[in-house]
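What follows is each chain in one-letter form.
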Amino acid sequence: MSLRGEGEDQPAYGESDEENGVGIGIGTQGDFEFVDAQGVESTVGAGNEGEESVHVGATDCGDGNETVPEEGVAVNEGASEGRDAAGETEIVESDYEQEVEDIATNTMVDPTASWPGFHPPNIPRDELHSESDVEDDNDDLSSLDGDVLDEEHKGKRRKFVNKDYHEFNPNHDMDEPKFTLGMIFASGDVFKRAIRAHAVKHRREVKFAKNDPNRVRAVCKAPNCKWFVFASWLDDKKTFKVKSMSDEEHTCAMSFKNSFVNSKMMAEKYVNQFRANPDWNFEDENPHFKRLYVCLEALKCGWKAGCRPIVGLDGCFIKGHHRGQLLTAVGVDPNNQMYLIAYALVESECGETWRWFLELLGQDLGINHSHGISWVTDKQKGLIDAIAEIFPESEHRHCVKHLHNNFKVQHKGLMLKQLMWAAAKSTTSQGFEQQMNVIRGENQAAYQWLTEKDPTNWTRAHMKEFPKCDMLCNNMCEAFNSAIVQARDKPVITLMEMVINYLMSRMAKKREELKKWNHPIGPKMMRYLEKVKLASSCCNPRFCGGKSYQVSCFDSEQYVVDLETHTCACRKWQLIGIPCMHVFSCINLMNLDVYDFVHPFYKKEAYLAAYSPIIHGINGPNMWAKTKNRPVKCPQFKKQRGRPKKARKLQSNEVRSGGRTRLRRNYIVVKCSRCGQEGHNMNGCPRRPFTQSQNTTSEPQETSSEAVTAGNTNPPTPLTRDA
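(A) Structural detail: the overall build of the protein. Of regular secondary structure, the protein possesses 21 helices and 20 strands. The burial tally for the protein puts 37% of its 723 residues in the buried class. Across the protein, the fraction of contacts at a sequence separation of at least 24, relative to all contacts at a separation of at least 6, is 57%. A total accessible area of about 44700 Å² is found for the protein, and carbon and sulfur atoms account for 49% of it.

Below you can see the structure in the form of structure tokens.
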């Protein structure tokens, strides 16, 4: 045979094919079945199991000149459904890629051509689907496969209906098994596992009425439900096959008690979850919300590129229905304003949650060693130990405002407060010692309390110089907590969306503000530099040589300034990176540009690097991709006693905002107007008069002779506690 190209006519087959005694069967999908004179058949084509086709057998009549169709015909059920309205054959995609021989055969033969000597038999359709074609009690599965020939008609093909039976795949069908008549299983164990999965999926009580190695019959336990499935083992095929089952589904009600749900079944179903998390509790399949950590890429990159290496840590409480704590890490931008780095919503503020938060923060910021980072905290619960454990070599500063709140509990007075702040603001060790001596002369107990605190945590004289920041308070975190106060009483998802929207708008706003800068440094730092210029008028610089100067002040103080090494003996220049009044007097003496002596942390380039990253918008939930993760339940929290509080507890020296015109009663000693003693009022006085209760069953109370006078009808005077 030769290949027929596209557009060529069907080749005519001559007598050579007929002389060879070859019969040709035509398939609707291009299949060809050849039966030679000896009755040996061979098939060529791309026909697959389940495709609609017609196979016609042919045998030699004896003379070798003509082939006559045989009566044996096999037709798939629903063959007529494979044709469209025009009567043409519908092409069904094959389950495998056609080989070269298949393509050649399909190209070579035209199934619609009329062939001499070949006439397909006209068999009624009801005869093709007679019950005798499918029923065989001796070998049910073999007869359905169509591989057996009648003993009485050897060499002739039996009439049969080639039905396709579904093979149960445990990897795909076990989640929601569906049983059909004739379905085959690899083994009886697989069939019983499918029955158990069906019972659990549909919440029905099912039992095995017959359960042996060769036969399994599953029935519903409900008295009025007739659902059942019966399957048996076939030795010749080595498979388990469904022989009979009910026509209807379950007619009983669902049951929430199932004997199939046991430890073995749970272990098989959740083996992967147990391997990933051995402590996983399968009793609560949907987990509760516990913690959420957020560190946006734009903020992380902006902090690394343009901010100083100092981070403030703080936590604020959530005021909504589901209580918790919001932990924040806030930096300082080139204009001395807050710059949020990361935040996390946790169940409580403790050492465990702070340790978890700091570990994630250190990974995001790339803190490999802790020498080049400073932390500012309010001495929260467990935070000091967490920083010492995770960042042992870092600088840890304590907020002086919170330190004074603890200080004034035992040492009250405005004088001690001012002396303590003066000691904290001293930039030299000599100035710090002088202020501490003044405190000792004022109050020895206060001096002893302060000496027990590490001076590196709360004094500028002992601060490191690399952060270029001399902040004594954790105002950065307090500013952020105040900015999101409206979002802190919202649910978790709403809270997170409001925070992200605030940060997105703030980043865009800061980029627009940069266009309005008229100087190389920010407006806030420019105002600070103007104050330095004004204070430098009281300084008298003297040139020493090179770039060294000696600066004398009106208060008899004297400092050495070196413009080459950017140092001043007062250490203010080294601490913040902006020239102090001593340095500015030297710069003004030499007519130099003061902006050349400002640290790059404050320049416009650093500000642009910090706010140039963009926080991109987020599509709504309708655009989110669906996942197979289990839904998360609302967070668990312990309800506290009393009325829920939304307002922060104010310090004794704080005044609540909102037009309050009267101060709170602080430091007021209550004095009793009856006895003149302090600590109680007249109602709580131990000497207040009281009336003795009258007891009708007891004897009448005796009165003193002085109380009873002749002709006096008034009741006796009540007894007092003094009496």
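So, next bit.
(B) Up close: the environment of Trp624. With respect to the helices and strands, the residue Trp624 is situated in the segment after helix H21 (604–611). For Trp624, a relative accessible area of 45% translates into the label partly exposed. A polar atom in the side chain of Trp624 sits 2.8 Å from the backbone oxygen of Asn619. A polar contact of 3.1 Å, which involves the side chain of Trp624, links it to the backbone oxygen of Gly620.

(C) The arrangement of the pattern of salt bridges in detail. Tallying each qualifying case throughout the model produces 14 salt bridges. Where Arg397 meets Glu395, a salt bridge forms, and the shortest distance between an N and an O atom there is 3.4 Å. Residue Arg397 shares its accessibility class with Glu395, and that shared class is buried. Counted as one network, the salt bridges with shared partners bring together Arg291, Glu347 and Glu352.

(D) A look at the sheet that holds strand S10 (residues 239–245). Here we have five strands laid out as an open sheet, ordered S6-S10-S9-S8-S7, and antiparallel in their pairing. Edge positions in the sheet fall to strand S6 (184–185) and strand S7 (206–211), since each has one partner strand and no second. In the packing of helix H6 (residues 188–202) onto the sheet, contacts are made with S6, S7, strand S8 (215–220), strand S9 (228–234) and S10, and the angle to S7 comes to roughly 160°.

(E) Examining helix H11 (residues 383–390) more closely. Taken residue by residue, H11 has Leu383, Ala386 and Ile387 as its buried positions. For H11, the arc enclosing every buried residue in end-on projection is 95°, short of the 170-degree limit, so these residues lie on one face. Seen from the open side of H11, the exposed residues pointing more than 90 degrees away from its buried face are Asp385 and Glu389. Taken together, the buried residues of H11 touch strand S12 (310–317), helix H10 (351–365), strand S15 (374–377) and strand S16 (395–398).

(F) Up close: the packing of aromatic side chains. One pass over the structure, following the stated rule, counts 18 aromatic pairs. Considering the side-chain rings of Phe185 and Phe191, the 5.1 Å spacing of their centres and the 75° angle between planes classify their relative orientation as edge-to-face. Grouped by ring-pair contacts, the aromatic residues Phe168, Phe179, Phe185, Phe191, Trp233 and Phe240 constitute a single cluster. Geometry around Phe260 places Arg196 over its ring, the cationic atom sitting 5.9 Å from the centre. Cation over ring: Arg440 sits above Tyr447, and NZ or CZ is 4.9 Å from the ring centre.

(G) Just the packing of helix H9 (residues 297–306) against H21, in detail. Direction vectors running N to C along H9 and H21 enclose 165°, while the axes themselves pass 7 Å from each other. Between H9 and H21, the angle falls in the class roughly antiparallel. Here H9 and H21 pass one another in a crossing that is right-handed. In contact with Gly302, Ala305 and Gly306 of H9, H21 contributes Ala606, Ala609 and Ala610. Partitioned by chemical class, the residues of the contact of H9 with H21 number four nonpolar, two polar and no charged.

(H) Region of the structure containing the side chain of Asn474. Mapped onto the fold, Asn474 is located in the loop between helix H15 (444–451) and helix H16 (475–483). Residue classification places Asn474 among the buried residues on the basis of a relative accessible area of 1%. Engagement of the side chain of Asn474 in a polar contact is seen with the backbone oxygen of Leu313, the distance being 3.0 Å. Discounting chain neighbours no more than four positions away, the residues touching Asn474 are Gly312, Leu313, Asp314, Val376, Thr377, Asp378 and Cys399.

Conventions and cut-offs
Residues numbered from 1 in each chain as written. Predicted model: local features only at pLDDT ≥ 70, side-chain atom pairs only at ≥ 80, totals over all residues. Heavy atoms only, no water. Helix = DSSP H or I, 4+ residues; strand = E, 2+ residues; numbered from the N terminus. Buried < 20%, exposed > 50% of the residue type's maximum accessible area, 1.4 Å probe, protein only. Contact = heavy atoms within 4.5 Å. Areas by Shrake-Rupley, 256 points an atom, 1.4 Å probe, with all protein chains shown as cover. Polar contact = N/O pair within 3.5 Å; in protein donor to acceptor, adjacent residues only side chain to side chain. Salt bridge = Lys/Arg side-chain N within 4 Å of Asp/Glu carboxyl O. Pairing = 2+ DSSP bridges. Axes fitted to C-alpha atoms, helices over the stretch in contact; angles between N-to-C directions. Arc of directions from axis to C-beta. Phe/Tyr/Trp six-rings, centres within 6.5 Å; stacked < 30°, edge-to-face > 60°. Lys NZ or Arg CZ within 6 Å of the ring centre and 35° of its normal. Parallel < 35°, antiparallel > 145°, perpendicular 65-115°, else oblique. Left-handed = near helix turned anticlockwise from the far one by under 90°. Nonpolar A, V, L, I, M, F, W, Y, C, P; charged D, E, K, R; others polar.

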